[in-house]
Amino acid sequence: MLVDRKCRALAGLGKYPYMCRFNEHLCVENVCARSPSRPSVGSMEPGIAFRCVAHLCVAHLNVAQKLEMGPMPSKSQPATRHIISINDLSDKDIETVFDTAQAFLDELPDPRVPYRIGRSAKIASNSILASLFYEPSTRTRLSFESAMLRLGGEVITSADPATSSAAKGESLADSVRVIANYADIMVIRHPRDGAVRLAAEYSPIPVINGGDGSHEHPTQTLCDLFLLKKKNKRIKNLKVAISGDLRGSRTIHSFVYALARFGATIMPMAAKGMELPDHVDRRLREEFGCEMVSAKKGKGDDSSLDALYVTPQEPHQQSLFSGPEIESNIGILDRKIDALYVTRFQKERWTDKNQAYPTIDRKFLKEPKYSEASVMHALPRVGELDPAIDKDRRAVYFEQAAYGVPIRMALIALLLNLKGKSLHRFEGGFERRPSPIYDQPRNVGASCANKNCIVHDQMESQYVRNKFYVLKTSAPNACRLRCFYCESDIEQFVVASKKNKWFSNDHTALLRADDQHPREHIVFPNKEAAIEAGFHSRRGMVAPGTPPRTRRRAKS
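Residues numbered from 1 in each chain as written. Predicted model: local features only at pLDDT ≥ 70, side-chain atom pairs only at ≥ 80, totals over all residues. Heavy atoms only, no water.

1. Examining the packing of aromatic side chains
- Here the structure, examined in full by the defined rule, presents 13 aromatic pairs.
- Their ring planes at 70° and their centres at 6.2 Å tell us that Y115 and Y403 sit as a pair that is edge-to-face. You can see Y115 sitting in the loop between α5 (91-107) and β4 (128-133) and its partner Y403 sitting in the loop between α12 (397-402) and α13 (404-415), a full 288 residues away along the chain.
- Classification of Y403 as buried rests on a relative accessible area of 3%.
- When the centroid spacing of 5.5 Å and the interplanar angle of 40° are considered together, the rings of Y469 and F484 count as tilted. (Phe/Tyr/Trp six-rings, centres within 6.5 Å; stacked < 30°, edge-to-face > 60°. Helix = DSSP H or I, 4+ residues; strand = E, 2+ residues; numbered from the N terminus. Buried < 20%, exposed > 50% of the residue type's maximum accessible area, 1.4 Å probe, protein only.)

Below, the structure written as structure tokens:
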């Protein structure tokens, strides 16, 4: 019995005893080398194969000590950590990621290129990364896979949805639960906003967002911030211009949230009709404390530049955001720009593929305010950034791409606790937010207004719900609903009571449910939808001939 217990502990992860923790090569090499008289693995009977593993366990107890032992799995998901939004990372988390990435650059340098990882470690030799990509990708997928290989781990990948079970109609939720049995950590890219958040709900292993629709791309933002810190010795108090498609670029959405958190001045230079989405703009102003300052237009300014986002509040971590104190708004428009971030036209997210689009070239960069600006781009570029700039000392986009490896090595190492330290783990993978959550089945009440949200994907219909964070606004008796998956907001809606069958424009009932999920209420997009579902206005008149009992309920 003792041998059986040791075998189960060593062959399977404590929380998931059905998951093998050793590859076939390790088992065959160690077991058969110690027992030449034993038959080969291919010819073993089940009982003999079990005894081989037991022999390995007894002979290699030092290996068992390195594994995570634990109780049999319970119905609740064990503590882990998922990274879906840049806001899932605290300022201290980001500082830890940067310190770890720099440590890898110092330990495993390329002697010819200082910003490139040139050697490999072995700390992830017992770990596997699964990359699950439902959209085309070169840099993100390959940099994650390179990061895992540089750590000494293994990689399994599904890079073409046409050759995966998604082509057969398998849901993302099912795919994630299956693939979690094959790997220790997973990175996902998906065309639907909020898809990776849904995937994380069903995954027992850490999930990293490799880009979901036009929602966010947090690991790209970590690369961007790391480069800014390298070039400017600080992140605090920078002035950053952002050009191009600000509406469809998930990279930009993560980036502006981070910049605002770190006290930056954001100078949006959107292509016509491609300004920041309303919910991103609102969060910058209302949640991150940005102030809108009218902009003076110079000869080189984009015609869409009307205002700057200025964040005068003090940042959180002085060690990470060292630099001059936040200055007053006086003279901020005349300050030189520290970085110019160029983004491509996200054609895959627009119906009109032939819209006019700004181009950044040498002539544009001759403006004095760009004289010391780092020119950044997440790549690929498709005409919006002149290749003639490549040899300019300000061009840093290829160095920016190179940092994808050490940054993602750091994330993997921290999530898997490979270097003796890790990011904090939470039950369910996420830190609990203070806002109450409205939660109803997918076919009940209002759904997310974002048509590209994962809640509108038919293949996921059994796994998604109409879930929103309930956020109080400055208006009395009013709140805002933020989609649990894609973080888009709903401003106008009516609240109905399932108990009393009434609805009202007053949101007080939702606001009162601070400590519990407000499931006794249903949210409808408008009063017409509520009436169609059989609810009546709280102040409405009772129709003639209505039974007395119903009349009393209507007046209550």
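2. A look at the environment of E372
- Structurally, E372 can be placed in the loop between β12 (339-342) and β13 (374-377).
- In the structure, E372 is positioned 33 residues away from A339 in sequence and 8.0 Å away in space, judged by C-alpha atoms.
- For E372, the contacting residues outside a window of four places in its chain are I337, D338 and R393. (Contact = heavy atoms within 4.5 Å.)

3. Some words on the sheet that holds strand β18 (residues 489-490)
- Strand order across the open sheet formed by four strands is β15-β16-β17-β18, with antiparallel pairing between neighbours. A single partner strand is all that each edge strand has here, and the edge strands are β15 (437-441) and β18.
- Summarising the sheet, strand β17 (residues 479-483) and β18 pair through two bridges and their orientation is antiparallel. Each bridged residue has a counterpart across the sheet, and for R482 the counterpart in β18 is D489. (Pairing = 2+ DSSP bridges.)

4. A word on α13
- Its twelve residues give α13 an end-to-end C-alpha distance of 16 Å, which sits within 8% of 16 Å, the value for a rise of 1.5 Å per residue.
- Counting buried residues along α13, twelve of its twelve residues qualify, which places the element largely inside the surrounding structure.
- For α13, every residue scored as buried is listed here: G404, V405, P406, I407, R408, M409, A410, L411, I412, A413, L414 and L415.
- Buried positions along α13 lie against α5, α6 (139-150), β6 (185-190), β7 (207-212), α9 (218-232) and α12. (Expected span 1.5 Å × (residues − 1).)

5. Section: the confidence of the model for the protein
- A residue-level look at the protein finds 75% of positions with pLDDT of 70 or above and a mean pLDDT of 81.
- Scored below 50 in pLDDT, residues 22-75 makes 54 contacts in the model with residues more than four places away or belonging to other chains.
- In the predicted structure, residues 540-546 sits below a pLDDT of 50 and forms three contacts with residues beyond four places in sequence or in another chain. (pLDDT = per-residue confidence, 0-100.)

6. Brief notes about the pairing of β13
- Taking every second residue as pointing to the same face, both faces of β13 are buried, with S374 and M376 on one and V375 and H377 on the other.
- Note: β12 against β13, four bridges, orientation parallel. Across the sheet, the residue bridging to A339 is S374, located in β13.

7. Overview of the pattern of salt bridges
- All chains considered together, the criterion is met by 26 salt bridges.
- Of the charged contacts, one joins E107 and K419 as a salt bridge, the two residues approaching to 3.5 Å between their closest N and O atoms. In this pair, E107 sits in helix α5 while K419 sits in the loop between α13 and β14 (426-427), placing the two residues 312 residues apart along the sequence.
- Under the relative-accessibility criterion, E107 is labelled partly exposed at 41%. (Salt bridge = Lys/Arg side-chain N within 4 Å of Asp/Glu carboxyl O.)

8. Concerning the packing of helix α10 (residues 250-261) against helix α11 (residues 278-286)
- The contact between α10 and α11 brings their axes to 10 Å, and the two run at 10°. If you check the angle between α10 and α11, you find them roughly parallel. Contacts between α10 and α11 pair H253, V256, Y257 and A260 from the former with H279, V280, R283 and L284 from the latter.
- The residue makeup of the contact of α10 with α11, split by class, is five nonpolar, two polar and one charged. (Axes fitted to C-alpha atoms, helices over the stretch in contact; angles between N-to-C directions. Parallel < 35°, antiparallel > 145°, perpendicular 65-115°, else oblique. Nonpolar A, V, L, I, M, F, W, Y, C, P; charged D, E, K, R; others polar.)

9. A look at a nonpolar patch on the surface
- Together, I156, V178 and Y182 make up a nonpolar patch on the protein surface, roughly 260 Å² of accessible area in all.
- On the basis of relative accessibility, which here comes to 34%, the residue I156 falls in the partly exposed class. (Patch = residues over 30% accessible without salt bridge, like charges linked within 9 Å, V, L, I, M, F, W, Y side chains within 5 Å. Areas by Shrake-Rupley, 256 points an atom, 1.4 Å probe, with all protein chains shown as cover.)

10. Structural notes on α9
- For α9, with 15 residues, the first-to-last C-alpha span of 21 Å sits near the 21 Å given by 1.5 Å per residue.
- Within α9, burial applies to P218, T219, Q220, T221, L222, C223, D224, L225, F226, L227, L228 and N232.
- Looking one or two places after α9, you find K233, whose phi comes out positive at around 65°.

11. Points about the packing of α9 against α13
- Running from N to C, α9 and α13 cross one another at 120°; their axes reach a closest spacing of 9 Å. If you check the angle between α9 and α13, you find them oblique. Relative to α13, α9 is oriented so that their crossing is right-handed. Each of T219, Q220, L222, C223 and F226 in α9 lies in contact with α13, whose residues at this interface are G404, I407, R408 and L411.
- Looking at the contact of α9 with α13 residue by residue, the class counts come to five nonpolar, three polar and one charged. (Left-handed = near helix turned anticlockwise from the far one by under 90°.)

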